[in-house]
Amino acid sequence: TLFFPHDLYPGKKIVLGNTQSVAKMVRPFTKPRQGVTDSIWLENKERQSLDDFCNSRTAKGEHKHCVSSLESMIDHVISHFRTSKIKAISSTFDKNEDQYVVEEVKKVGDNAVMCHRLNFEKVVFNCHQVRETTAYVVSLAAPDGSKAKALTVCHHDTRGMNPELLYEALKVSPGTISVCHFIGNKAAAWVPNYSVDRPCVI
């Protein structure tokens, strides 16, 4: 799901999945895509091998690295930020709920390293950082009272994004406006955490 930063505020009603939201905040794609958030930075390819993906060229301003374990993921993030004081934040969407109201929006940090589970049989994560981004944790409430936490990333420099997906979702072109998206449960945002003495996963 892609949306604009001004659409993210307390009281906003959203619907996830293949239905449109009441306020048309979340605009789903009409064509099937590879099951990773990274598709907004990729050319539209029906099939791609793991090696092809991990060795493919990066988008403008993107740093990418494939990892196959939590240990290697932490090592990569520590090396990237040059500090062992880091933390990870992830989403907690309920698979049985798709309607929510935004309750609170909290900034996590700028230029986070995002690690997404790739859609391959082998367990591999694509860890990448894209310049000029801001990560948020959005607290959501479902009609039945259940809560969810949505990791959200806003890209302020969209020049490297897939133009087909941007136009299909928001009717805009790369480089014209900031764009945000939710991150699914199989991903995490890593940011420096100077209040702790060791890596901490939330």
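What comes next concerns the included structure. Bear in mind that the values here come from a model prediction, so they are computed numbers and not experimental data.

## Some details on the state of the cysteines
Here's step 1: For the structure on display, the rule yields three disulfides.
Here's step 2: Linked covalently through their sulfurs, Cys-54 and Cys-66 form a disulfide whose S-S length is 2.1 Å. Looking along the S-S bond of the Cys-54-Cys-66 disulfide, the torsion reads about -100 degrees, which is the left-handed sense. A residue pair is termed long-range when its members are at least 10 positions apart, and Cys-54 in helix H1 (residues 50-55) and Cys-66 in strand E3 (residues 62-67) qualify at 12 residues.
Here's step 3: Taking only the cysteines that form disulfides and numbering them from first to last, the protein has the pattern 1-2, 3-4, 5-6.

## Observations concerning the packing of aromatic side chains
Here's step 1: The full count for this structure, using the stated rule, is three aromatic pairs.
Here's step 2: Both rings, one in Phe-93 and one in Phe-182, keep their centres 6.0 Å apart while their planes meet at 65 degrees; by these two values the pair is edge-to-face. Of this pair, Phe-93 sits in the loop between strand E4 (86-89) and strand E5 (99-110) while Phe-182 sits in strand E10 (residues 179-183), placing them 89 residues apart in sequence.
Here's step 3: With relative accessibility at 7%, the residue Phe-182 sits in the buried group.
Here's step 4: Taken together, the ring pairs in this structure connect Phe-3, Phe-93, Tyr-100 and Phe-182 into an aromatic cluster.
Here's step 5: Lys-171 extends its terminal NZ or CZ atom over the ring of Tyr-167, reaching a point 5.4 Å from the ring centre.

## Details of helix H3 (residues 163-170)
Here's step 1: Within the span of H3, buried status applies to Leu-165, Leu-166, Glu-168, Ala-169 and Leu-170. Looking straight down H3, one finds that the buried residues subtend no more than 170 degrees of arc, so they occupy a single side. In H3, the exposed residues that point more than 90 degrees away from the buried face are Pro-163 and Tyr-167.
Here's step 2: Looking at the buried residues of H3, the elements they touch are strand E1 (2-3) and E10.
Here's step 3: At the N-terminal boundary of H3, the capping side chain belongs to Asn-162, with an oxygen 2.9 Å from the backbone nitrogen of Glu-164.
Here's step 4: Backbone geometry just downstream of H3 places Lys-171 in the positive-phi region, at approximately 60 degrees.

## Quick word on the pairing of strand E7 (residues 125-130)
Here's step 1: In terms of residue burial, E7 counts as a mostly covered element, since five of its six residues are buried.
Here's step 2: Direction of pairing for E3 relative to E7: antiparallel, over a ladder of six bridges. By the bridge assignment for E7, Cys-66 is matched with Asn-126.
Here's step 3: Across four bridges, the pairing between strand E6 (residues 113-117) and E7 is antiparallel. Note that in E7 the partner of His-116 across the bridge is Asn-126.

Criteria and thresholds
Residues numbered from 1 in each chain as written. Predicted model: local features only at pLDDT ≥ 70, side-chain atom pairs only at ≥ 80, totals over all residues. Heavy atoms only, no water. Disulfide = S-S within 2.5 Å. Helix = DSSP H or I, 4+ residues; strand = E, 2+ residues; numbered from the N terminus. Phe/Tyr/Trp six-rings, centres within 6.5 Å; stacked < 30°, edge-to-face > 60°. Buried < 20%, exposed > 50% of the residue type's maximum accessible area, 1.4 Å probe, protein only. Lys NZ or Arg CZ within 6 Å of the ring centre and 35° of its normal. Arc of directions from axis to C-beta. Contact = heavy atoms within 4.5 Å. Polar contact = N/O pair within 3.5 Å; in protein donor to acceptor, adjacent residues only side chain to side chain. Pairing = 2+ DSSP bridges.

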